[in-house]
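Notes for the structure review
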Amino acid sequence: MKNQEQKTDPKKTAEQLKGTVTDKTTEAINSMNLEDKIGLERREAYIEPQTRDLLRKLLQDGDKVEIIPIYTPGVGFEYRITGTASNINETDKLSRNTLENLAQLGILQKSFYDSVSICPTCQSTMMTLHNRCPKCKSHNVEKTSLTEHILCGYIDQRNKYIQDRCPKCGEPLGEGQYRNMGRWYICQECGEKFENPEFDLICRNCNKNFTIKEAQLTEIPKFTLNLTRKKEIRQNVTSLENIKTLLTKLDFNVETPGLTIGQKSGMNHHFSLIAKKQIKDQEIFIALDHAVSETEIQPSPLILYIYKISEVKVDVPIFVAMPKLSETARKIAQGHDILIIEGSTEGSEVIIKVKTEIEERINQINQKATTTSKNQQQENKPETTSFFSKLIGGKKRT
Ligand SMILES: [Zn+2]
Ligand SMILES: [Zn+2]
Ligand SMILES: [Zn+2]
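For clarity, every value in this text was computed on a predicted model and none was experimentally measured.

1. Some remarks on the overall build of the protein
- Per the secondary structure count, the protein includes 10 helices and 18 strands.
- Relative to its full complement of 398 residues, the protein shows a buried share of 20%.
- For the protein, the share of sequence-separated contacts (at least 6 apart) that also reach a separation of at least 24 residues comes to 64%.

Quick look at the structure:
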């Protein structure tokens, strides 16, 4: 599993392996059932840092917290978590695509919030509403109220009765001698007077002009945590914090999630957590994956993990299964040198177990390194030695 030697042309081998590996992976993925596939996708989603942050916030803020669309002028609808409006950062904005994807995976729940007219050409919500003359289609329309002078029968806009005198007969508007005829519209182009104007819209993003009927209608959903999966979500986003804290205390450089490149295939491999530490001229490499299920962990995430660590030199392989491995998965795990943690990582015994395991493995590596370096010392030039001792200097183990 570790330190396999490659004597053939490395480039050629890598390419060949890439072919077979991809085939094998595709085959393996195809043979999984749909639930497994969605489960794996969901697992990948839980690893995403932005998603983890979002889910943690949602869990903190209680069950009623919603991600609602907020209209920003010049931008359109944006998604933010409610309750954080007072201190909005750029990073608080959430992309609709991300949210839709999380809803599809069953992590979030999507529901109706509002619907809105959008431009039929560019789907923008930025548009202005215009009154239009039904006769000549001009926008040059004035909204007014018409007043009838009952005594002479003259009808005109209220503002034409200057100083409350009828513009036709010149008589003042006495009590009960005039009548308000309500709101009217007058076209300044063709003089048409009408009660109901037409409306049209201009898209301020692409400048297209269209009627209200031509505008498209789109739903603006809101999102909430899928409460039926709350336990799983909580386990996924909080479970690694203790292990992360432990490794950081042990001077490891921790990445969650971690990305590394397969030595043989050249493929990118994601782990839930990667931790590295330089001890003398050795790098200690920890790769951890964790899988969560409502009942038990099926073999597929474990098999994927075993495949990934066959590709990378891992000193301490750790697999966390919540709440536990299935019988088959446990049998598979027995054939490999993996530290399996079943159940929550919250308890102190688990952390002690992980700590002991890591220290044991580091000791083994140290012993090996000491033996090797003793053998090499005579040949080493003094400069190289001092270079290495400088490197180690800052990271002494206590
Ligand atoms: Zn448009
Ligand atoms: Zn007109
Ligand atoms: Zn009059």
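2. Section: the pairing of strand β11 (residues 216-225)
- Two elements, strand β1 (residues 66-72) and β11, share two bridges in a ladder whose sense is antiparallel. Note that in β11 the partner of I67 across the bridge is F223.
- As paired strands, strand β3 (residues 108-118) and β11 are joined by 10 bridges and run antiparallel to one another. Looking across to β11, one finds that D114 is bridged to I220.

3. Here's the deal with the packing of helix α7 (residues 299-311) against helix α8 (residues 327-334)
- The N-to-C vectors of α7 and α8 enclose an angle of 20 degrees; their axes lie 9 Å apart at closest approach. The orientation of α7 with respect to α8, classified from their angle, is roughly parallel. Here α7 runs over α8; the crossing is left-handed. Contacts between α7 and α8 involve P299, L302 and I303 from the first element and T328, A329, I332 and A333 from the second.

4. Comments concerning the sheet that holds strand β15 (residues 273-279)
- Judged by pairing direction, the sheet is mixed, and its five strands sit side by side in the order β12-β15-β16-β17-β18 without closing on themselves. With partners counted over all chains shown, the strands left at the sheet margins are β12 (253-255) and β18 (339-342), one partner each. Each neighbouring strand pair of the sheet contributes to a mean axis angle of 15 degrees, computed without reference to strand direction.
- Relative to β18, strand β17 (residues 316-322) runs parallel, the two sharing four bridges. Residue pairing for β18: V320 is matched across the bridge by I341.
- Each of β16 (282-292) and β17 touches α7; the most contacted strand, β16, lies at about 165 degrees to it.

5. Here's the deal with the environment of R234
- Summarising the element assignment, R234 is placed in helix α5 (residues 230-238).
- The spatial distance from the C-alpha of R234 to the C-alpha of L59 is 7.3 Å, given a sequence separation of 175 residues.

6. Regarding the nonpolar core
- Of all hydrophobic cores here, the largest spans 32 residues; its most connected members are L273, I286, L288 and I318.
- In this view, I318 contacts I286, L288, L339, I341 and V354; residues no more than four positions away in its chain are not counted.
- Membership of the second largest hydrophobic core comes to 16 residues, among which are L54, I107, L225 and I233.

7. Examining the pairing of strand β7 (residues 178-187)
- In terms of strand pairing, strand β5 (residues 141-149) meets β7 through eight bridges, oriented antiparallel. Residue pairing for β7: T144 is matched across the bridge by W184.
- Bridge count for β7 against strand β8 (residues 193-194) is two bridges, and the pairing is antiparallel. Across the sheet, residue Y185 finds its bridge partner in β8, namely F194.
- The turn joining β7 and β8, which pair antiparallel and follow one another in sequence, is formed by five residues; a positive phi near 80 degrees is taken by G191.

8. Brief notes about the confidence of the model for the protein
- Of the residues in the protein, 81% reach a pLDDT of 70 or more, and the chain-wide mean stands at 81.
- Confidence over residues 84-88 falls short of pLDDT 50; this stretch has three contacts with residues more than four positions distant or in other chains.

9. A short note on the sheet that holds strand β6 (residues 154-157)
- Sheet architecture is open: four strands sit in the order β6-β5-β7-β8, paired in antiparallel fashion. Each edge of the sheet is formed by a strand with only one pairing partner; in this case those strands are β6 and β8.

10. Section: unusual backbone geometry
- Along the chain, T256 connects to P257 via a cis peptide bond; the corresponding omega equals -5 degrees.
- The backbone phi angle of K137 is positive, close to 65 degrees, even though this residue is not glycine.
- Of note, K137 is situated in the loop between β4 (127-132) and β5.
- Its identity is not glycine, yet D251 carries a phi of approximately 70 degrees, on the positive side.
- Among the secondary structure elements, D251 is positioned in the loop between α6 (241-249) and β12.

11. Focus: the environment of R361
- Examined against the element boundaries, R361 turns out to sit in helix α9 (residues 348-377).
- The sequence separation of R361 and D315 amounts to 46 residues, and the corresponding C-alpha distance is 7.3 Å.

12. Digging into the environment of K213
- Looking at the element boundaries, K213 is found in the loop between β10 (209-211) and β11.
- Exposure remark for K213: the 7 C-beta atoms within 10 Å place this residue in the exposed category.
- Distance from K213 to L201, taken between C-alpha atoms, is 9.9 Å for residues 12 residues apart in sequence.

Criteria and cut-off values
- Residues numbered from 1 in each chain as written.
- Chains lettered and ligands numbered in written order.
- Predicted model: local features only at pLDDT ≥ 70, side-chain atom pairs only at ≥ 80, totals over all residues.
- Helix = DSSP H or I, 4+ residues; strand = E, 2+ residues; numbered from the N terminus.
- Buried ≥ 20, exposed ≤ 12 C-beta atoms within 10 Å, placed from the backbone.
- Contact = placed C-beta atoms within 7 Å.
- Pairing = 2+ DSSP bridges.
- Axes fitted to C-alpha atoms, helices over the stretch in contact; angles between N-to-C directions.
- Parallel < 35°, antiparallel > 145°, perpendicular 65-115°, else oblique.
- Left-handed = near helix turned anticlockwise from the far one by under 90°.
- Core = buried A, V, L, I, M, F, W, Y, C linked by C-beta atoms within 7 Å.
- pLDDT = per-residue confidence, 0-100.

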